[in-house]
Amino acid sequence: AARGTFLRAKASTLISHVHKVSMHTETTINQKTIVTYSTGCLCELNPEYSPFANNYSHGFAHITTKPSGHYNVKNIQILNGEIIN
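A brief report on the enclosed structure follows. From a predicted model like this one, the values you see are computed outputs, not experimental measurements.

### Observations concerning the packing of aromatic side chains
Line of reasoning, step 1. Scanning the entire structure with this criterion turns up 0 aromatic pairs.
Line of reasoning, step 2. The ring of Phe6 has Lys10 lying over it, and the distance from NZ or CZ to the ring centre is 5.4 Å.

Encoded structure:
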């Protein structure tokens with residue numbers, strides 16, 4: 001999901017609602033680093049309405065920003081009820 005977002009946006013982006021934890025990084029010819037993220041979900045991984053949604057993963061993002069505009073993204077995954085990095 002994160003790579004697909006990169007291919008469309010060509011900008012650092014964070015998306016949700018795809019229920020999959022992923023990250024994609026590329027460096028431009030001008031040495032600018034672009035990072036895109038997709039966050040996991042905090043819902044049921046196998047919902048009744050979508051029995052084949054077995055690609056979901058639990059997770060969330062924690063973002064800190066600085067007055068300079070710089071930011072830090074921690075794209076956190078939860079596996080078997082435990083936070084992993």
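Read on for the rest.
### Some points on the pairing of strand β4 (residues 58–65)
Line of reasoning, step 1. Two strands pair when backbone bridges link them, and β4 and strand β5 (residues 71–79) are joined in this way by 8 bridges, in the antiparallel orientation. Looking at β5, one finds that Thr65 is bridged to Tyr71.

### Details of helix α1 (residues 2–9)
Line of reasoning, step 1. Along α1, the residues classified as buried are Ala2, Thr5 and Phe6. The arc that holds the buried residues of α1, viewed along the axis, is 105°, so those residues lie on one side.
Line of reasoning, step 2. Looking one or two places after α1, you find Lys10, whose phi comes out positive at around 50°.

### Comments concerning the sheet that holds strand β3 (residues 33–38)
Line of reasoning, step 1. One open sheet accounts for 3 strands, arranged β1-β3-β2; its pairing is mixed. Each edge of the sheet is formed by a strand with only one pairing partner; in this case those strands are β1 (13–15) and β2 (22–27). The sheet shows a mean angle of 10° between the axes of neighbouring strands, taken without regard to direction.
Line of reasoning, step 2. In this fold α1 packs onto β1, β2 and β3, with an angle of close to 130° to the strand it touches most, β3.

### Looking at a nonpolar patch on the surface
Line of reasoning, step 1. On the surface, a nonpolar cluster with roughly 280 Å² of combined accessible area is contributed by Leu14, Ile63 and Tyr71.
Line of reasoning, step 2. Assignment of secondary structure puts Ile63 in strand β4.
Line of reasoning, step 3. According to the relative accessible area criterion, Ile63 is partly exposed, its value standing at 44%.

Criteria and thresholds
Residues numbered from 1 in each chain as written. Predicted model: local features only at pLDDT ≥ 70, side-chain atom pairs only at ≥ 80, totals over all residues. Heavy atoms only, no water. Phe/Tyr/Trp six-rings, centres within 6.5 Å; stacked < 30°, edge-to-face > 60°. Lys NZ or Arg CZ within 6 Å of the ring centre and 35° of its normal. Pairing = 2+ DSSP bridges. Helix = DSSP H or I, 4+ residues; strand = E, 2+ residues; numbered from the N terminus. Buried < 20%, exposed > 50% of the residue type's maximum accessible area, 1.4 Å probe, protein only. Arc of directions from axis to C-beta. Axes fitted to C-alpha atoms, helices over the stretch in contact; angles between N-to-C directions. Contact = heavy atoms within 4.5 Å. Patch = residues over 30% accessible without salt bridge, like charges linked within 9 Å, V, L, I, M, F, W, Y side chains within 5 Å. Areas by Shrake-Rupley, 256 points an atom, 1.4 Å probe, with all protein chains shown as cover. Salt bridge = Lys/Arg side-chain N within 4 Å of Asp/Glu carboxyl O.

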